[in-house]
Structures are given as structure tokens and as C-alpha cells.
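Coordinate inspection notes
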Amino acid sequence: YPAAADLPRALERCRMLLDRLLQHEDGWVFAKPVDTYKLGLRDYHSIIAEPMDLGTVSRRLELRRYPNLLCFAKDVRRTFSNAMTYNNKGDDVYESAAKLSRIFESGWVSILAALPSPPPVAVRRARLKDELPRLPVDLQEKAAIIMKDIGGWIQEVDGRVEVDLDKADEATLDKLEWLLALATMRKYDDFKFS
């Protein structure tokens, strides 16, 4: 979720929110990975297990590396929570992270509010049963991997993989619908740039 037709608009809103964070007067602090060597932060990686920065988020968004919008939000949140974990309350970096985090959460709520609710599970499964076989082969392979991870892979017959969508929970349906959205976006890009 969101549906394929809503995805480009949702991604554009994510891009606008990210640009707003990066253009903020304190955004530069979070625009690049923390240079632990230059800053002399010898203990940083022992405290922060998963470093993240808004520049990395921007590249991932641009390259469509996020399997869904929630992964985008998770990385933005990680950027700020890392800064607030490593720095003390009252420090400039901590306070900047807290301020930008509030801006993000406010904007994120409006992005989520603008998305339509997903249709009932039965409708989603029926749509996927119809549309998954029409995906390009590389995306069909990704769909098979997603289904295999939840035990929904039935068998391979003559090079075709059969999957049992009835085993797919809502999170799995979200991932599969994201693949449909990617296929739609590819068609749009091919049309737009060719």
C-alpha cells in the first residue's frame, strides 16, 4: 500500500518532505554520514548499531530502494534517533534532531492521511492473482522470493513458479503490491523518457 496509481504521488510527497528537512537551517548536520574519524567519535559505532543520514535516505528514495513507504519513514526516524541516542539532551545536535524529527512527524502524518485505505484482503489477493503473472520476469522472481519467505511457494512447473496467495498476510500483500507499483512506475518512466 499505496496502490500503484497513488505511489508516484506518495513518493513525490516523501521527496518534498525530505527536501524540507535537508533545506532546514540544521539539515546540513544530517545530510551526510557521520564522519567518526574526522570528529574523533571513537565510540560511535559501539553506541549506534545502524548509522543513517538523510543523504542516504535521499539516494535510496531516488533509486527506489525502499520496498514500501514505511521503510522510508523508518530510515528518517533512525537518522534522528541515532543523533538523540549518541548526543545528550541540550547538545546542539540533539536539539536539532529533535526539532527536525517533529517536522518530519508532522509531515508524515499528512502523507499518510492523504493515502486511501487499502481495500479488503480478499480484494487485494484477487487483484494480485490476476496481475502478478503479468509482471516482468525479474519482478515475478522477487514475488516468488517474498512468497517463499512465508512458505507460500508451492512448486515450480516448467519454469513457472506457483504461489499460494491465501497464505499471504497483509504485510506480504503490501510487498507484492509494491512490486506491481514498481512495474507501473517503470512503464511510466519508459514512456516518459523514451
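This structure is a prediction, so every number in the text was calculated from the model and none was measured. (Residues numbered from 1 in each chain as written. Predicted model: local features only at pLDDT ≥ 70, side-chain atom pairs only at ≥ 80, totals over all residues. Heavy atoms only, no water.)

**Focus: unusual backbone geometry**
With a phi angle near 55 degrees, arginine 64 is a residue other than glycine that sits in the positive phi range. If you trace the backbone, arginine 64 turns up in the loop between helix 4 (54-62) and helix 5 (69-86). Taking the relative accessible area as the measure of exposure, arginine 64 reaches 34% and is therefore partly exposed. (Helix = DSSP H or I, 4+ residues; strand = E, 2+ residues; numbered from the N terminus. Buried < 20%, exposed > 50% of the residue type's maximum accessible area, 1.4 Å probe, protein only.)

**Details of the nonpolar core**
In this structure, Phe72, Val76, Phe80, Phe104 and Leu176 are the most contacted members of the largest nonpolar core, which totals 42 residues. Elements supplying a minimum of two residues to this core: helix 1 (7-23), helix 4, helix 5, helix 6 (92-114), helix 8 (137-149) and helix 9 (170-193). Looking at which element gives the most residues to this core, the answer is helix 9, with eight residues. Here this core gathers at least three residues from each of two domains, domain 1 (6-114) and domain 2 (121-191). Setting aside residues up to four positions removed in sequence, leucine 176 forms contacts with Leu128, Leu132, Ala143, Ile146, Met147 and Leu165. (Core = buried A, V, L, I, M, F, W, Y, C linked by side-chain atoms within 4.5 Å. Domains from an automatic or database assignment. Contact = heavy atoms within 4.5 Å.)

**Examining the pattern of salt bridges**
One pass over the structure, following the stated rule, counts 14 salt bridges. Of the charged contacts, one joins arginine 15 and glutamate 62 as a salt bridge, the two residues approaching to 3.5 Å between their closest N and O atoms. Placement of arginine 15 in helix 1 and of glutamate 62 in helix 4 is noted, with a sequence separation of 47 residues between them. On the accessibility criterion, arginine 15 (15% relative accessible area) is buried. Here aspartate 130 ties to arginine 134 by a salt bridge, and the two come within 3.0 Å at their closest N and O atoms. You can call aspartate 130 partly exposed: its relative accessible area is 40%. Under the relative-accessibility criterion, arginine 134 is labelled exposed at 62%. Several salt bridges share partner residues, and in doing so they unite Arg124, Arg127, Glu131, Glu170, Asp174 and Glu177 into one network. (Salt bridge = Lys/Arg side-chain N within 4 Å of Asp/Glu carboxyl O.)

**Things to note about the packing of aromatic side chains**
One pass over the full model with this rule turns up six aromatic pairs. Aromatic pair phenylalanine 72 and tryptophan 108: ring centres 6.0 Å apart, planes at 45 degrees, arrangement tilted. Placement of phenylalanine 72 in helix 5 and of tryptophan 108 in helix 6 is noted, with a sequence separation of 36 residues between them. Across this residue pair, the class does not change: phenylalanine 72 and tryptophan 108 are buried. Aromatic rings pair up to connect Tyr66, Phe72, Phe104 and Trp108 into one cluster. (Phe/Tyr/Trp six-rings, centres within 6.5 Å; stacked < 30°, edge-to-face > 60°.)

Read these as spatial facts, not as claims about activity.
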